[in-house]
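# Chains, contacts and geometry: an overview
Here is what each chain is made of, one letter per residue.
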Amino acid sequence: NAGFTTIPKTLSVIMVIIDVLSPKGNPASSVYFDLWCRVFDEGFVAISGKQGDLAFGAGYKGQRAVQTWTRRLEVLRDLGFVQTKPGPNAAHGYVIVMNPYKVVKALRAANKIDDEHWFALVQRANDVGATELQETA
């Protein structure tokens, strides 16, 4: 349907994990959520020339909105939740939103996600019938 997208039913817990793992003062979950709202199921978003709109969609406005948004996008990239590629006129012209279950599993294997957040995510995944996390739970 036009105007709708597919998101993981565990997205709220994934967003909490993103903010916990983000550098202090740089929570990136609102950027992640806005990207999900713009992506189709193949995971690709063209962002060249749209950074102002993307910043606003993630809740940033003012003189440093795009700069703040870009920092948060880079946090998501560094954590593995997205991959970015340069575009015609920007360092980040394209974004690929990765499978968040694979990302959190890798972060958990690297001891970056604590038990409290990991088990909250596993429980939520079990509640909604998502089986991607069961093998490491």
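Provided above is the structure to which this section pertains.
So, a few notes on the structure that sits alongside this text. Note that the coordinates shown come from a computational prediction; the quantities given were computed from them, not determined experimentally. (Residues numbered from 1 in each chain as written. Predicted model: local features only at pLDDT ≥ 70, side-chain atom pairs only at ≥ 80, totals over all residues. Heavy atoms only, no water.)

## Things to note about the pattern of salt bridges
In the structure shown here, the tally under the stated rule is three salt bridges. The partner of D34 in a salt bridge is R38, and the shortest N-O contact between them spans 2.7 Å. One end of the pair is D34 and the other is R38, both in helix 2 (residues 29-38) and four residues apart, which spans about a single turn. Its relative accessible area of 8% is what places D34 among the buried residues. Owing to a relative accessible area of 33%, R38 belongs among the partly exposed residues under this scheme. A salt bridge links R77 to D78, with the shortest nitrogen-to-oxygen separation between them at 3.0 Å. In this structure D78 comes out as exposed when scored by relative accessible area, which is 58%. (Salt bridge = Lys/Arg side-chain N within 4 Å of Asp/Glu carboxyl O. Helix = DSSP H or I, 4+ residues; strand = E, 2+ residues; numbered from the N terminus. Buried < 20%, exposed > 50% of the residue type's maximum accessible area, 1.4 Å probe, protein only.)

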